[in-house]
Structures are given as C-alpha cells and as structure tokens.
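# Per-entry structural report
If you want the building blocks of each chain, they are given just below.
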Amino acid sequence: LLVTTATRQRLADFPQVRLFPNPVSSGHAVFLAWSADPGSVSVSIHNQQGQTVWRTSETQRHSHILRLPEVNLQPGFYVLKIQGPQGVMTRKLVVH
C-alpha cells in the first residue's frame, strides 16, 4: 500500500465515523455518527464475497447522524464502505 502525502491529508480531513450498534441483530437499524458534517456521502454494505448487498447516497447537512434502515442481512461479517468528498473509509459490521 502506497500512502502519499495527499492521501494522508485526505484521510486526516475525513470526519471520524462511529458505527453503532456493532454487532447488530438482523432486521435492526444501524447508525453512523460523524465528528463533523460529512456533506454528500455514499454508503454501501458488502458481503464477504465483495458483493454489494445494500447502498444509499445521502447529503448530511447539519446532521451528524445517519440512520441506516432495517436491513435484513444474514448473520455474518460485512464491510461498510463510506465514500465522501474526502475519500473512502471502511468499517467492519457484524450481524448476528
């Protein structure tokens, strides 16, 4: 992995993101909380095979919390991908 100064700056500018609850029970909502207004973001959930199982695009203006609706996922491990103006960030999501 090559991390350039520009990449480090973009990652430093990306608001801190908290995902909760994690783990989550299937059929329950998940929340993303930002430390700052992220602007326009695209959020997707990917299974272990890399397939996109859920996706949304949102504009977070003056709101630091995004509620992901009840998504009925099979128990397992997923990757939540957040893409915004500052770059891409991923978080692990566990469904039980």
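Preceding this section is the structure that the text describes.
Quick summary incoming for the structure in this document. Worth saying up front: this structure is predicted, and the values here are computed from it rather than measured. (Residues numbered from 1 in each chain as written. Predicted model: local features only at pLDDT ≥ 70, side-chain atom pairs only at ≥ 80, totals over all residues. Heavy atoms only, no water.)

On to the nonpolar core. Soluble globular proteins tend to bury their nonpolar side chains together. In terms of nonpolar packing, the biggest core is built from 20 residues, with L32, W34, V43, I45, L68, L80 and L93 touching the most fellow members. Going through the elements one at a time, β1 (17-20), β2 (30-34), β3 (39-46), β5 (65-68), β6 (76-84) and β7 (87-95) are the ones with two or more residues in this core. (Core = buried A, V, L, I, M, F, W, Y, C linked by side-chain atoms within 4.5 Å. Buried < 20%, exposed > 50% of the residue type's maximum accessible area, 1.4 Å probe, protein only. Helix = DSSP H or I, 4+ residues; strand = E, 2+ residues; numbered from the N terminus.)

This model, assessed by the stated rule, comprises 1 salt bridge. Residues R67 and E70 are paired through a salt bridge, measuring 2.6 Å at the closest nitrogen-oxygen approach. Take R67: its relative accessible area is 43%, and that puts it in the partly exposed class. (Salt bridge = Lys/Arg side-chain N within 4 Å of Asp/Glu carboxyl O.)

Next up on the list: the pairing of β3. With 6 of 8 residues buried, β3 is to be regarded as a mostly interior element. Pairing of β3 with β6 involves 5 bridges; the strand directions are antiparallel. Opposite V43, over in β6, you have I82 as the bridge partner. (Pairing = 2+ DSSP bridges.)

With that out of the way, let us pick up the pairing of β1. Here β1 shows a buried face lined by V17 and L19 and an unburied face lined by R18 and F20. Sheet topology places β1 next to β2; 4 bridges connect them, and they run antiparallel. By the bridge assignment, L19 is partnered in β2 with L32.

On inspection of all chains with the given rule, the structure shows 1 aromatic pair. On the numbers, 5.6 Å between centres and 15° between planes, the contact of F20 with F31 is stacked. Highlighted residues: F20 in strand β1 and F31 in strand β2, separated in sequence by 11 residues. For F20, a relative accessible area of 25% corresponds to the partly exposed category. Taking the relative accessible area as the measure of exposure, F31 reaches 25% and is therefore partly exposed. Positioned above the aromatic ring of F20 is the side chain of R18, whose terminal nitrogen or guanidinium carbon lies 4.5 Å from the ring centre. (Phe/Tyr/Trp six-rings, centres within 6.5 Å; stacked < 30°, edge-to-face > 60°. Lys NZ or Arg CZ within 6 Å of the ring centre and 35° of its normal.)

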